[in-house]
Amino acid sequence: MGNDLRSLALYIHWPFCKSKCPYCDFNSHVRTSIDESIWEQAFTQELKRAYQITGSRRLESIFFGGGTPSLMSPSLVGHIIDIATTLWHPENDIEITLEANPTSIEIEKFKALSQAGVNRVSIGVQSFNTEDLRFLGRQHSADEAKKAIHIGQQYFDRVSFDLIYARPHQTIQTWQKELETALSFGTDHLSLYQLTIEQGTAFEHQYARQEFILPEENLATDLYQQTIDTLGINGLKIYEISNFARPGQESKHNLVYWTYQDYAGVGPGAHGRLTLENGNKIATRQFKAPETWLKQVEAGQGTTESVPLSLNDQAAEQLMMGLRLFRPFDLAQLPVAWNQAIDAEKLDILIQQGLIHQQGSCIDLTLPARLCLNEVLRYIAAPKP
Ligand SMILES: C[S@@+](CC[C@H](N)C(=O)[O-])C[C@H]1O[C@@H](n2cnc3c(N)ncnc32)[C@H](O)[C@@H]1O
Ligand code: SF4
């Protein structure tokens, strides 16, 4: 395999769940029956179509996200892995992650999923507290979540799990206890998300009706700082807003997004960013509704809309993704002169205020700046030419 080939990460979206969690605005749907054989054919066809756009590549990672991909049969997961690793050249240490919900039915599949080629799971634990799991509309208990982590550790090389914090009634003390439980499994990676109220979710309406209240901003910030400190002293360093890892155990796949490398997205609603042979970069997006996506595949009409990205678009996206990472960002890597992407005067103001540090061509955000990253990005963005 030629090492000179451009690398590729592959995202596969499985858009189905057992039930819809009240906080979730991901492209996930509940259906009474799903004919997997139709989906197998459709994924096969669409992977081949994606290959026609990317051409030959080194395959660095595959990520099965959702929805709930742990509801897929291991044979369908294995089939997709086989097709992908036949079309592209898998790296020796290819990372193959699958998002798993910790219900007993899904835990039973772990062995077969690992035999199918999955070597990393990301388990949606969300909380170790029974009442909060109920509040979050989860279908699993805290004990099932603990069991899923233990069994995951038996079958997969790498196990990560997700928790949601800044929940109603949460205090520094109760969160500390949960963090200690989380650390007790000794995993090398954790994703810890602050609860956000997303548009169009059941929580949006409940929150508007004041059926629950969220921790005040100061407490939420303290919980975040506590998370960073507690995990940090236990060897899990923050490397992205919500992601913590021991050195070398960061998610290779997600780093591809944040460092703005190429990835292909296959499945309803999946996004991609691809560099074409002529050097131009495109943004791809697949039809979102599962049934529309399938119909398009069956009719041989393609499922992907693609839009060319100008160098300025690329610079803005690269900055937006790169500044999520807890490391200095080198402005010299942008595809345009940095002052075409950033308003130099406004950057200088934030430097004077001590919110951003600059060393040579690198900038590094302080925690207060990271806490309002979107506002910072809007503020420093250069006006569109
Ligand atoms: C695609 S979702 C989950 C995958 C899997 N179906 C599950 O539920 O575990 C990925 C993660 O995003 C997080 N998440 C989704 N919506 C969120 C929200 N509104 N606030 C905070 N975290 C959220 C959850 O931790 C979830 O595990
Ligand atoms: S959080 Fe996971 S299980 Fe719940 S609706 Fe979203 S994707 Fe489905």
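Residues numbered from 1 in each chain as written. Chains lettered and ligands numbered in written order. Predicted model: local features only at pLDDT ≥ 70, side-chain atom pairs only at ≥ 80, totals over all residues.

A. Highlighting the overall build of the protein chain. Counting its secondary structure elements, the protein chain contains 16 helices and 15 strands. Against the 2.2 N^0.38 benchmark of 21 Å for 385 residues, the protein chain shows a C-alpha radius of gyration of 21 Å, consistent with a compact globule. Taken along the three principal axes of its C-alpha coordinates, the protein chain extends 60 × 55 × 40 Å. Residues counted as buried form 36% of the 385 residues belonging to the protein chain. Excluding contacts between residues fewer than 6 apart, the proportion of contacts in the protein chain whose partners are at least 24 apart in sequence is 71%. (Helix = DSSP H or I, 4+ residues; strand = E, 2+ residues; numbered from the N terminus. Rg over C-alpha atoms; globule rule 2.2 N^0.38 Å. Buried ≥ 20, exposed ≤ 12 C-beta atoms within 10 Å, placed from the backbone. Contact = placed C-beta atoms within 7 Å.)

B. Quick look at the site of ligand 2. Around ligand 2 sit C17, K20, C21, C24, F26, S28, G66, G67, T68, N101 and G124, and those are all the residues in its vicinity. Grouping the constituent residues of the shell around ligand 2 by class yields four nonpolar, six polar and one charged. (Near = placed C-beta within 6 Å. Nonpolar A, V, L, I, M, F, W, Y, C, P; charged D, E, K, R; others polar.)

C. Geometry of the site of ligand 1. Residues in close proximity to ligand 1 total 16 residues, the closest being Y23, T68, G124, D162 and Y193. Counting residues per element, the ones that place at least two in the shell around ligand 1 are strand 2 (58-66), strand 4 (120-126) and strand 5 (158-165). Looking at side-chain class alone, the shell around ligand 1 contains six nonpolar, seven polar and three charged residues.

D. Quick peek at the sheet that holds strand 15 (residues 362-365). The three strands lie next to each other as 13-15-14, forming an open sheet whose pairing is antiparallel. Of all the strands in the sheet, just strand 13 (329-330) and strand 14 (356-359) have a single pairing partner and so form its edges. Strand direction decides the pairing type here: strand 13 and strand 15, joined by two bridges, are antiparallel. Of the residues in strand 15, the one forming a bridge with D330 is C362. (Pairing = 2+ DSSP bridges.)

E. Structural detail: the nonpolar core. Within the largest apolar cluster, 65 residues are counted, with the highest numbers of intra-cluster contacts made by L10 and V77. The leading source of residues in this core is strand 1 (residues 7-14), at six residues. In this structure, A315, L319, A341 and I380 belong to the second largest nonpolar core, which totals 16 residues. (Core = buried A, V, L, I, M, F, W, Y, C linked by C-beta atoms within 7 Å.)

F. A look at the pairing of strand 2. Within strand 2, eight of the nine residues are buried, leaving the element largely enclosed by the surrounding structure. As judged from the eight bridges shared by strand 1 and strand 2, these two strands associate in the parallel manner. When the bridges of strand 2 are listed, Y11 appears paired with F63. Regarding topology, helix 1 (residues 36-54) serves as the crossover connection from strand 1 to the parallel strand 2, and that connection is right-handed. Direction of pairing for strand 2 relative to strand 3 (residues 89-100): parallel, over a ladder of six bridges. Each residue of the ladder has a partner; that of I62, found in strand 3, is I96. (Right-handed = clockwise from strand over helix to strand, strands pointing away.)

G. Representation of the packing of helix 7 (residues 172-184) against helix 9 (residues 217-233) within the structure. One way to put it is that helix 7 packs onto helix 9 with a least axis distance of 11 Å and a crossing angle of 30 degrees. In terms of orientation, helix 7 and helix 9 fall into the roughly parallel class. The element helix 7 and its partner helix 9 pack so that their crossing is right-handed. Residues I172, W175, Q176 and L179 of helix 7 form the contact with helix 9, whose participating residues are D222, L223, Q226, T227 and T230. Here the residues of the contact of helix 7 with helix 9 sort into four nonpolar, four polar and one charged. (Axes fitted to C-alpha atoms, helices over the stretch in contact; angles between N-to-C directions. Parallel < 35°, antiparallel > 145°, perpendicular 65-115°, else oblique. Left-handed = near helix turned anticlockwise from the far one by under 90°.)

H. Local environment of the domain arrangement of the protein chain. We note that the domain assignment places domain 1 (7-257) and domain 2 (311-385) within the protein chain. Taken together, the six residues of domain 1 in the interface contact six residues of domain 2. Top element by residues in the side of domain 1 that touches domain 2 is strand 7 (residues 237-240). It accounts for three residues. Along the lines of polarity and charge, the residues of the side of domain 1 that touches domain 2 split into four nonpolar, one polar and one charged. (Domains from an automatic or database assignment.)

I. Expanded view of the pairing of strand 1. Here strand 1 lies mainly inside the structure; seven of its eight residues are buried. As defined by bridge partners, strand 1 adjoins strand 9 (residues 263-266) across four bridges and the pair is classed as parallel. The partner of I12 across the bridge, within strand 9, is V266.

J. Representation of helix 7 in the model. Its 13 residues place the ends of helix 7 18 Å apart at the C-alpha level, agreeing with the 18 Å of an ideal helix rising 1.5 Å per residue. Within helix 7 the residues assigned to the buried category are W175, E178, L179 and A182. Projected onto a plane normal to the axis of helix 7, the buried residues spread over an arc of 105 degrees and lie on a single side. The exposed set on the far side of helix 7, more than 90 degrees from its buried face, consists of Q173, K177, E180 and S184. Among the structural elements, strand 5, strand 6 (189-194) and helix 9 are those in contact with the buried residues of helix 7. Phi turns positive one or two residues past the end of helix 7, at G186, with a value near 70 degrees. (Expected span 1.5 Å × (residues − 1). Arc of directions from axis to C-beta.)

K. Spotlight on unusual backbone geometry. Omega for the bond connecting G66 with G67 falls within 30 degrees of zero, at 20 degrees, which places this linkage in the cis form. Tracing the backbone shows G67 in the loop between strand 2 and helix 2 (74-87). Positive phi is not limited to glycine here, since H169 has a value of about 70 degrees. By the secondary structure assignment, H169 is in the loop between strand 5 and helix 7. The backbone of Q210 shows a phi angle near 60 degrees, a positive value even though the residue is not glycine. Among the secondary structure elements, Q210 is positioned in the loop between helix 8 (202-208) and helix 9. Given 7 C-beta atoms within a 10 Å radius, Q210 is considered exposed.

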